[in-house]
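Spelled out from the first residue to the last, the chains are:
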Amino acid sequence: MLKLLIRGRIDGCIVTSVGLYYNAKQLGIKPKILNSPLQLNYKDFVLHFSKKKINIQTMEILKKSVEKLQSNGEIQKIVNKYIGDFK
């Protein structure tokens, strides 16, 4: 889809921003080539637990781990690894 967009064969596409930027990076497309995206919606990543298999201790460990990764910037480093210069 990105190749078609860059070549002017289509006027737009609907994708997630991470998918867009990751694939653009893989194709060697520079950020300045793409216009600013029109955000249609916003979604958070969510982790769900089964009520039948819930383990409060595991849930708390995961919650603290994610909070630590957010506070020390590791999550952003991981995202940057895949989307590069795209912001």
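Structure first, text after, so check above.
Since the structure is predicted, the reported quantities are computational estimates derived from the model, not experimental observations. (Residues numbered from 1 in each chain as written. Predicted model: local features only at pLDDT ≥ 70, side-chain atom pairs only at ≥ 80, totals over all residues. Heavy atoms only, no water.)

**Student:** It is not clear to me how the overall build of the protein should be interpreted in this structure. Could you clarify?
**Tutor:** Check the secondary structure of the protein and you find four helices and zero strands. Taken from N to C terminus, the helices and strands of the protein fall in the order α-α-α-α. Computed over the C-alpha atoms, the radius of gyration of the protein is 18 Å, more than 25% above the 12 Å expected from 2.2 N^0.38 for a compact globule of 87 residues. Its C-alpha atoms give the protein principal-axis dimensions of about 55 × 30 × 20 Å. The buried share of the protein, taken over its 87 residues, is 10%. One way to put it: in the protein the 16 positive side-chain charges average out to a point 7 Å from where the 6 negative ones average out. (Helix = DSSP H or I, 4+ residues; strand = E, 2+ residues; numbered from the N terminus. Rg over C-alpha atoms; globule rule 2.2 N^0.38 Å. Buried < 20%, exposed > 50% of the residue type's maximum accessible area, 1.4 Å probe, protein only. Lys, Arg positive; Asp, Glu negative; His and termini not counted. Charge placed at Lys NZ, Arg CZ, Asp CG, Glu CD.)

**Student:** Mind showing me how you'd approach the pattern of salt bridges here?
**Tutor:** Pairing between side chains becomes possible if they bear opposite charge and their charged atoms approach one another. Per the stated rule, a full pass over the model turns up one salt bridge. A salt bridge links Glu74 to Lys77; the shortest N-O distance between them is 3.1 Å. Pair noted here: Glu74 and Lys77 are both in helix 4 (residues 74-83), with a separation of three residues, about one helical turn. According to the relative accessible area criterion, Lys77 is exposed, its value standing at 52%. (Salt bridge = Lys/Arg side-chain N within 4 Å of Asp/Glu carboxyl O.)

**Student:** Honestly, the packing of aromatic side chains in this entry has me stumped. Any pointers?
**Tutor:** The geometry of an aromatic ring pair is captured by two quantities: the separation of the ring centres and the angle between the planes. One pass over the structure, following the stated rule, counts one aromatic pair. With a centroid separation of 5.9 Å and 50° between ring planes, the pair formed by Tyr22 and Tyr82 is classed as tilted. Remark: Tyr82 occurs in helix 4 and Tyr22 occurs in helix 2 (residues 17-27); sequence separation between them is 60 residues. Taking relative accessible area as the criterion, Tyr22 reaches 31% and is therefore assigned partly exposed. (Phe/Tyr/Trp six-rings, centres within 6.5 Å; stacked < 30°, edge-to-face > 60°.)

**Student:** Honestly, the nonpolar core in this entry has me stumped. Any pointers?
**Tutor:** When a protein is soluble and globular, its nonpolar side chains tend to lie buried together. Counting eight residues, the largest nonpolar core consists of Leu2, Leu20, Tyr21, Ala24, Ile29, Leu34, Ile83 and Phe86. No other element matches the three residues that helix 2 contributes to this core. Beyond its immediate sequence surroundings of up to four residues, Leu2 is in contact with Leu20, Asn23, Ala24, Leu27, Ile29 and Leu34. (Core = buried A, V, L, I, M, F, W, Y, C linked by side-chain atoms within 4.5 Å. Contact = heavy atoms within 4.5 Å.)

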